[in-house]
Amino acid sequence: MRLTVAQALVRFLANQHTERDGAEQRLIAGCFGIFGHGNVAGVGQALLEQRDDMPYVLARNEQAMVHAAAGYARQRNRLSTYACTASIGPGSTNMVTGAALATINRLPVLLLPGDIFATRVASPVLQELEDPTSLDVSVNDCFKPVSRFWDRINRPEQLLSSALAAMRVLTDPAETGTVTLSLPQDVQAEAFDWPDEFFARRVWHVRRPPAEPERLAEAADLLRSARRPLIVSGGGTIYAEATDALRGLAEATGVPVAETQAGKGSLPYDHPQSVGAIGATGTTAANAIAREADVVLGVGTRWSDFTTASRSLFADPDVRFVNLNVAPVDAFKHAGLPLLADARAGLEALQGALEGWSADAGHSERATRLAAEWDATVERAYTLGHGPLPAQSEVLGVVNRVSGPRDVVVCAAGSMPGDLHKLWRTRDPKGYHVEYGFSCMGYEIAGGLGVKLAAPDREVYVMVGDGSFLMMAQEIVTAVQEEIKLTIVLVQNHGFASIGALSESVGSQRFGTSYRTRGGDLLPVDLAAVAAGLGADVHRATTVAELEAALREAAASPRVTVVEIQTDPLVGAPDSEAWWDVPVAEVAGLDSTRAARAAYDENKQTQQPYLSPREKVTP
Ligand SMILES: Cc1ncc(C[n+]2csc(CCOP(=O)(O)OP(=O)(O)O)c2C)c(N)n1
Ligand SMILES: [Mg+2]
């Protein structure tokens, strides 16, 4: 079949599917894009010809469209994603941040940046980087460290092997992340005689590898030896649709379950075994259990510094880790016992191997009691009655109350991710979507767009701070154009509440974290008017009652709605009683910094390497 490289690629992508547990879906559901000279005549022309087979969505910013693809992929448990086409030069490099976000969060996205001529006849072309040491380098080489697979298609026939390799990586649960196929603009338009088999319908089976029996037996022995066990559930539990298996294991054994940011929603917040969020933004319940834990079963977690409170949280000097993970890179962390397996397969097998065993009843009861105490703390935070402006925790309380159990809350950066992790009452495994691998300001609205595309039957509540809104609000226009409903809660606190509080804690006096004139006045900036200007319906609320009324109106409306609420940035959420390692200046002229450094040195003592080989433990 004689087609251009771009036509062949689009036709190929429209024929790719995934399958897990017998259910099939499109791997590449559609394509986001922004056209320029680097893709308009190649990929753009192909998308025009095949617009019935490959839905096209015009985005406003290339970084944002990658966020939308990542949000989509996460909501679909990594079984389906979007492609993103960009022009050469800035259009492409704009996607680098999105590429990093997807790879760090282990989410599949397919990037198709345009590239400079393979023939080089017209070089240097507009937006070409001229590297004096090599003509083989372009700005698209920036994608290499943030991609799980990267290739440049310099000749048409290279696409055959490259496209297949790209699909394999996208659908591999251990390797997945950003896949970049760099497409020189001349090659995109070049014709070639393609073998018909290239366009055959392909179904990529997403595997559920079982654990090795010997490792499973070892893990079960270790857990049986535990006096104070804890399960830490990460994003892998949710992507593997292993939440029922987790609940089964927890109920059969009485082991408490804590949740990372990506794992929040693994159990409903009020499940008797749930101790909620863990780590630097955790609950006092999960953190108290973690401090004493002797055996920790991590499921689908990459053990970020937030989860381990920078390796200070698991304080038992003999603590041992079992890492149930499909990815070797995570399974071997903390010198743990690597239980390399799909989360669901591994949890079900563990429940079988632990038949007849349960955790000490006193331990389980203590966890349940601590979780109940934390829930009372949440209730107080939801209903503080702070004035004149409400506290952020009250805003979260209203959104939690107004939203339905299956609705999705979306957030990424600022003070809200931590507050949501601690305080949000999750009721559905797909109801909580906080991007905290990269915690990228600007993800919120774009990511929310992807979530809503992936789950049109759920209401999507995007929680965005004024700082994040200023970085990237423009996908409101895309949502309006595509008639994708979002409810966006814009929390206006005139600057960085998060980094302001962090700055204060490291003795830096909130320097450079508030939006004020040189004279100290609030800025004459009206973000609600910006949202209206971008085409959204807008409500302005100053009290929680007004917020609730506005959200109820938004829930009944089919349109993109932005509800702005002013809050007091100085009221923090209840304390996690856990540390986060942010190094403080070792020498300073300021007393505040010197005091912070003294506290830092003390906290530093609590950090552990987690190096003990598991062999030291004999059950
Ligand atoms: C792209 C990006 N730049 C910088 C940061 C560091 N950072 C984290 S939170 C934050 C401030 C966020 O402000 P806002 O959205 O208003 O939320 P608030 O802290 O007020 O809750 C900054 C600058 C980041 N996470 N992402
Ligand atoms: Mg702010």
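Here's what I pulled together on the structure shown here.

Definitions and limits used
- All residue numbers refer to positions counted from 1 along the written sequence of the respective chain.
- For naming, the first written chain is A and the first written ligand is 1, with later ones following in the order written.
- In view of the model being predicted, local features appear only for residues whose pLDDT reaches at least 70, and side-chain atom pairs are presented and counted only at 80 or more, with totals across whole chains, interfaces and linings using the full set of residues.
- Excluded from the side-chain calculation are hydrogens and water; included are all heavy atoms of the structure.
- Only DSSP runs of H or I covering at least 4 residues are called helices, and only runs of E covering at least 2 are called strands; the numbering of each starts at the N terminus.
- In this description the radius of gyration comes from C-alpha coordinates, and the expected globular size is given by 2.2 Å times residues to the power 0.38.
- Relative accessible area decides the class of each residue, using a 1.4 Å probe on protein chains only: under 20% of the type maximum gives buried, over 50% gives exposed, and in between gives partly exposed.
- Method for areas: the Shrake-Rupley scheme with a 1.4 Å probe, in which residue coverage is limited to the protein chains shown.
- Only four residue types enter the charge count: Lys and Arg as positive, Asp and Glu as negative, with His and the chain ends excluded.
- Taken as the charge centre is NZ of Lys, CZ of Arg, CG of Asp or CD of Glu, depending on the residue.
- A 2.8 Å cut-off from the metal defines N, O and S donors, relaxed to 3.2 Å for Na, K and Ca; water is not in the atom list, so some sites may appear incomplete.
- Residues enter a nonpolar core if they are buried and are Ala, Val, Leu, Ile, Met, Phe, Trp, Tyr or Cys, with the set joined through side-chain atoms within 4.5 Å.
- Between two residues, a contact is recorded if the distance between any of their heavy atoms is within 4.5 Å.
- In this analysis, rings of Phe, Tyr and Trp, with Trp reduced to its six-membered ring, are considered paired at centre separations within 6.5 Å, and the interplanar angle assigns stacked below 30 degrees, edge-to-face beyond 60, and tilted for intermediate values.
- Proximity is defined per residue: any heavy atom of the residue falling within 4 Å of a molecule or strand makes that residue near it.
- Here a polar contact is taken to be a pair of N or O atoms separated by no more than 3.5 Å, where protein atoms must pair a possible hydrogen donor with a possible acceptor and residues adjacent in sequence count only if both atoms sit in side chains.
- Any residue outside Ala, Val, Leu, Ile, Met, Phe, Trp, Tyr, Cys, Pro, Asp, Glu, Lys and Arg is labelled polar, Gly included; the first ten of those are nonpolar and the last four are charged.
- By the convention used here, strands pair only if DSSP detects at least 2 bridges between them.
- A cavity here means a set of 1 Å grid points, computed over protein atoms only, where a 1.4 Å probe fits but cannot escape. A pocket is an open set with protein on both sides within 12 Å along at least 5 of 7 lines, and lining residues have an atom within 4 Å of a point.
- Grid points are joined across faces, edges and corners, and a volume is the space filled by probe spheres set on the points.
- The term salt bridge refers to a pairing of a side-chain nitrogen on Lys or Arg with a carboxyl oxygen on Asp or Glu at a separation within 4 Å.
- Every axis in this analysis is a line fitted to C-alpha atoms, fitted for helices over the stretch in contact. Angles between the N-to-C directions lie between 0 and 180 degrees.

1. Quick notes on the overall build of the protein
Looking only at helices and strands, the protein features 23 helices and 23 strands. Over its C-alpha trace the protein gives a radius of gyration of 25 Å, about what one expects of a compact globule, namely 25 Å for 619 residues. Counting only C-alpha atoms, the protein reaches 70 × 65 × 55 Å along its principal axes. Looking at the protein residue by residue over its 619 residues, the buried ones come to 58%. Only carbon and sulfur atoms are counted for the fraction: they give 53% of the accessible area of the protein, which is about 23,500 Å². Here the protein contributes 55 positively and 74 negatively charged side chains, and the mean placements of these two sets differ by 2 Å.

2. Quick notes on the coordination of the magnesium ion (ligand 2)
Those protein atoms acting as donors to the magnesium ion (ligand 2) are Asp466 (OD), Asn493 (OD1) and Gly495 (O), and they sit at 2.0 Å. Sequence spacing of the donors to the magnesium ion (ligand 2): D-x26-N-x1-G. With a gap of 27 residues between them, aspartate 466 in helix 18 (residues 466-471) and asparagine 493 in the loop between strand 21 (487-492) and helix 20 (497-505) connect regions that are remote in the sequence. Note on accessibility: aspartate 466 and asparagine 493 belong to one class, buried.

3. Quick look at the nonpolar core
Counting residues in each nonpolar core, the largest one holds 52 residues, and the members touching the most others are Phe32, Met65, Phe469, Ile476, Leu486 and Ile488. In terms of residues, this core owes the most to one element, helix 3 (residues 62-75), which gives six residues. Residues in contact with isoleucine 488, not counting those within four places in the same chain, are Ile445, Val462, Val464, Ile476, Val560, Thr561, Val562 and Val563. Residues Leu13, Leu27, Leu47 and Leu170 belong to the second largest nonpolar core, which totals 35 residues.

4. Some words on the packing of aromatic side chains
Inspection of the entire model under this criterion finds 16 aromatic pairs. An angle of 15° between the planes, with centres 4.6 Å apart, marks the rings of phenylalanine 12 and phenylalanine 198 as stacked. Separated by 186 residues along the polypeptide, phenylalanine 12 in helix 1 (residues 5-14) and phenylalanine 198 in the loop between strand 10 (191-193) and strand 11 (202-205) bring together distant segments of the chain. You'll find phenylalanine 12 and phenylalanine 198 in the same group, each marked buried. Ring plane angle 5° and centroid distance 4.9 Å describe the contact between phenylalanine 35 and tyrosine 56, whose orientation is recorded as stacked.

5. What to know about the site of ligand 1
In the region of ligand 1, 15 residues are neighbours, and Ser415, Ser439, Asp466, Gly467 and Ser498 sit closest. In the model, a nitrogen atom of ligand 1 is placed 2.8 Å from a nitrogen or oxygen of the serine 439 main chain. Within the residue set of the shell around ligand 1, elements represented by two or more residues are helix 18 and helix 20. Here the shell around ligand 1 is built from residues that sort into five nonpolar, nine polar and one charged.

6. Let's talk about the pairing of strand 20 (residues 460-465)
The buried fraction of strand 20 amounts to six of the six residues, a majority that puts the element mostly inside the structure. In strand 20, alternate side chains face the same way, and those of Val460, Val462 and Val464 on one face and Tyr461, Met463 and Gly465 on the other are all buried. With five bridges joining them, strand 20 and strand 21 adopt parallel strand pairing. When the bridges of strand 21 are listed, valine 462 appears paired with isoleucine 488.

7. A few points about the side chain of threonine 178
With respect to the secondary-structure elements, threonine 178 resides in strand 9 (residues 178-184). Owing to a relative accessible area of 0%, threonine 178 belongs among the buried residues under this scheme.

8. Some remarks on empty space enclosed by the protein
Take a probe with the size of a water molecule and roll it over the atoms, and the empty space left behind shows itself. Tallied over the entire structure, the rule returns five cavities of 30 Å³ or more. What lines the largest cavity is a set of 43 residues, and nearest its centre among them are Arg106, Gly235, Gly236, Tyr239 and Gly300. Top contributing element to the lining of the largest cavity by residue count: helix 9 (residues 235-239), with three residues. The volume enclosed by the second largest cavity comes to roughly 60 Å³. Looking at the second largest cavity, the residues that line it are Arg74, Gln75, Ile238, Tyr239, Ala262, Pro429, Lys430, Tyr432 and His433. Within the residue set of the lining of the second largest cavity, elements represented by two or more residues are helix 3, helix 9 and strand 19 (432-434). Partitioning the lining of the second largest cavity into residue classes produces five nonpolar, two polar and two charged.

9. Brief notes about the environment of alanine 64
Among the structural elements, alanine 64 can be located in helix 3. Look at alanine 64 and you get buried, because its relative accessible area is 0%. The spatial distance from the C-alpha of alanine 64 to the C-alpha of alanine 473 is 9.3 Å, given a sequence separation of 409 residues. Discounting residues that sit within four places of it in the chain, alanine 64 has contacts with Ala446, Met472, Gln474 and Glu475.

10. Section: the pattern of salt bridges
Enumeration according to the criterion identifies 35 salt bridges in this entry. Residue glutamate 292 pairs with arginine 366 through a salt bridge whose shortest N-O separation is 2.5 Å. Here arginine 366 lies in helix 14 (residues 361-382) and glutamate 292 lies in helix 11 (residues 284-292), a separation of 74 residues in the sequence. A relative accessible area of 25% means that arginine 366 is categorised as partly exposed. Where aspartate 375 meets arginine 425, a salt bridge forms, and the shortest distance between an N and an O atom there is 3.2 Å. Residue aspartate 375 is found in helix 14, and its partner arginine 425 is found in the loop between helix 16 (416-423) and strand 19; the two are separated by 50 residues along the sequence. Since its relative accessible area comes to 12%, arginine 425 is described here as buried. Three or more residues joined by partner-sharing salt bridges are found here, namely Asp21, Arg208, Asp342 and Arg344.

11. Considerations on the sheet that holds strand 2 (residues 16-20)
Reading across the sheet, the three strands line up as 3-2-11 and stay open at both edges, with mixed pairing between neighbours. Of all strands in the sheet, those bounded by a partner on one side alone are strand 3 (23-26) and strand 11. Strand after strand, the sheet turns through a mean of 30° between neighbouring axes, direction not considered. Note: strand 2 against strand 3, four bridges, orientation antiparallel. Considered in strand 3, the bridge of glutamate 19 is made with glutamate 24.

12. Notes on the side chain of arginine 425
One polar contact links arginine 425 to aspartate 375, side chain to side chain, over a distance of 3.2 Å. For arginine 425, the side chain forms a polar contact with the side chain of glutamate 379, separated by 2.9 Å. Excluding residues that lie within four positions of it along the chain, arginine 425 makes contacts with Tyr269, Asp375, Val378, Glu379, Tyr382 and Asn400.

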